[in-house]
Amino acid sequence: MPTIVFEGQDYQCEPGESVLDCLTRQGVSVNYSCKAGVCQSCMMVATEGEPTPASQVGIKETLKAQGHFLICSCVPETDMQVAVPDRAGSSFDTTVLSLHKLNADVVRLRLMRPDNYDYLPGQFLGLVNDTGVTRSYSLASVPGLDDFLELQIRHVPGGQVSGWVVEKLQAGDTVTISQAAGQCSYLPGREAQSLLLVGTGTGLAPLVGVARDALQQGHNGPIHLYHGSSTVEGLYLVPELVAMDEANAAFHYHPCVSQGTPPQGMQSGRAADVALEDFARLSGWRVFLCGREDMVRTLQKKTFLAGASMTDIFADPFVNLAVA
Ligand SMILES: Cc1cc2nc3c(=O)[nH]c(=O)nc-3n(C[C@H](O)[C@H](O)[C@H](O)COP(=O)(O)OP(=O)(O)OC[C@H]3O[C@@H](n4cnc5c(N)ncnc54)[C@H](O)[C@@H]3O)c2cc1C
């Protein structure tokens, strides 16, 4: 059985156990959130032994080369010595600029963009609350257009971080954020390609970032953004997205409501179903999927079966360990 050495102590792994489960089972306090290899909050560095390839998926090449890996996704094959990475340069203190309600559940949080803070719209960052708990939130802002960082956060009842944001955080407060990570972003090139963006709830945040970024980079192929909710009240940014649709020939906004009869200008049904009814063949398309994990995983398969190439499907399931 592999041994994990952490802060000078030896920990024995059970068969099939991840490094994260091995450490937490034995009472070690380490940072983690999604437990699904997505949020990167459990990243550590291997100072001896080899991280498994699965535990380095989605990590920047420079960090991979230094032995960084995700302990939630690493079922070790050999003994390893692991350490918390040097946090210098990977976390930033910044100031809350504003908090603004977008609907009954969702707030827009704008933060000052720290100097040297690089990101791509659609990536996510870690936001640390007043007790040190970290959760991932996606970036809706665009560096070339906005001088702030924008997050859109749904208030989960009892949520440690979303509750703190909604109930305690105020303009002028200082908060800690991590470097941005993730692959769900617009990369320039293939400007005439059709783009399909589908999101539920605050899955809209990264998609708005991606769409605005594509437009500002001169994308001229059609960009179809489907945003779904069970009720009209669950949607948000409707006037802004209607205005964006009217102002940009390439951009098409499709608000979808799955319960009751939707008002004029909105489509009836779940966003994922409506999008696939509108576009049954997706060969040559680039696809972005964000929000509820079940919707994202299902649509990932369906868009692939509809012809989109796996390398052209970018997905961010909003995994939460409590509901995963
Ligand atoms: C890559 C990524 C990007 C994300 N981007 C965003 C974003 O832009 N905006 C956003 O609002 N969220 C986003 N999330 C989700 C976010 O990270 C948190 O999971 C969410 O805010 C809940 O955290 P919390 O600390 O408030 O709740 P927790 O303290 O973790 O949970 C409190 C309770 O609420 C329940 N709960 C937690 N999450 C959910 C849920 N989604 N649905 C139902 N019940 C739940 C659990 O049962 C738990 O007992 C993202 C997640 C990932 C992995």
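The shown structure was predicted, so the numbers you read here are calculated from the model rather than taken from an experiment.

A.B. asks: What am I meant to see in the packing of aromatic side chains here?
C.D. replies: For any two aromatic rings, the description comes down to two numbers: the centre-to-centre distance and the angle of the planes. Taken as a whole and judged by the stated rule, the model has four aromatic pairs. Plain terms: the ring middles of Tyr117 and Tyr119 are 6.2 Å apart, the flat faces sit at 45° to each other, and that makes the pair tilted. We classify Tyr117 as buried; its relative accessible area is 1%. On the basis of relative accessibility, which here comes to 6%, the residue Tyr119 falls in the buried class. Relative to Trp285, the ring of Phe279 lies with its centre 4.8 Å away and its plane at 50°, an arrangement referred to as tilted. Exposure class is identical for Phe279 and Trp285. Each is buried. Chaining the aromatic ring pairs together yields one cluster made of Phe92, Tyr117 and Tyr119.

A.B. asks: How should I be thinking about the sheet that holds strand β15 (residues 267-268) in this particular structure?
C.D. replies: Sheet architecture is open: six strands sit in the order β15-β14-β13-β12-β16-β17, paired in parallel fashion. Of all the strands in the sheet, the pair left with one neighbour each is β15 and β17 (313-317). Note: strand β13 (residues 223-229) against strand β14 (residues 251-257), seven bridges, orientation parallel. When the bridges of β14 are listed, Gly228 appears paired with Cys256. The sheet strands contacting helix α4 (residues 204-216) are β12 (195-200), β13, β14 and β16 (286-291), and the helix crosses β12 at an angle near 155°. Against the sheet, helix α6 (residues 271-278) makes contact with β12, β13, β14 and β15, and its axis sits at roughly 145° relative to β13, the strand it touches most.

A.B. asks: Where do I start with the sheet that holds strand β5 (residues 80-83) in this structure?
C.D. replies: Whether parallel or antiparallel, the strands of a sheet pair through hydrogen bonds between backbone atoms. Sheet architecture is open: five strands sit in the order β2-β1-β5-β3-β4, paired in mixed fashion. Taken across any chain shown, the strands that pair with only one partner, and hence form the sheet edges, are β2 (9-12) and β4 (68-70). Within the sheet, the average angular offset between the axes of one strand and its neighbour, ignoring direction, is 40°.

A.B. asks: Just to check I follow, could you spell out the pattern of salt bridges for this structure?
C.D. replies: Side chains that differ in sign of charge can pair as their charged atoms come close. Per the counting criterion, the structure on display carries 10 salt bridges. A salt bridge links Arg108 to Glu150; the nearest nitrogen and oxygen atoms lie 3.1 Å apart. Of the two residues, Arg108 sits in strand β7 (residues 106-112) while Glu150 sits in strand β10 (residues 148-154), which places them 42 residues apart along the sequence. For Asp130, the salt bridge is made with Lys168, and the minimal N-O distance between the two is 3.5 Å.

A.B. asks: Looking at this structure, how should I read the domain arrangement of the chain?
C.D. replies: How large an interface is tends to be reported as the accessible area lost when its parts come together. Looking at the assigned domains, one finds that the chain contains domain 1 (3-83), domain 2 (91-178) and domain 3 (195-317). For domain 2 versus domain 3, the separation of C-alpha centres amounts to 23 Å. Opposite the 18 residues of domain 2 that make contact, domain 3 presents 16 residues. Taken together, the two surfaces of domain 2 and domain 3 that pack against each other cover about 1,300 Å², and 58% of this comes from carbon and sulfur. Counting across the domain 2 and domain 3 interface gives one salt bridge. In this structure, Arg212 engages Asp146 in a salt bridge whose closest nitrogen and oxygen atoms are separated by 2.9 Å. Across the domain 2-domain 3 interface, the total number found is five residue pairs in polar contact (both at pLDDT 80 or more).

Rules used in this analysis
Residues numbered from 1 in each chain as written. Predicted model: local features only at pLDDT ≥ 70, side-chain atom pairs only at ≥ 80, totals over all residues. Heavy atoms only, no water. Phe/Tyr/Trp six-rings, centres within 6.5 Å; stacked < 30°, edge-to-face > 60°. Buried < 20%, exposed > 50% of the residue type's maximum accessible area, 1.4 Å probe, protein only. Pairing = 2+ DSSP bridges. Helix = DSSP H or I, 4+ residues; strand = E, 2+ residues; numbered from the N terminus. Contact = heavy atoms within 4.5 Å. Axes fitted to C-alpha atoms, helices over the stretch in contact; angles between N-to-C directions. Salt bridge = Lys/Arg side-chain N within 4 Å of Asp/Glu carboxyl O. Domains from an automatic or database assignment. Buried area = accessible area lost by both parts, 1.4 Å probe. Polar contact = N/O pair within 3.5 Å; in protein donor to acceptor, adjacent residues only side chain to side chain.

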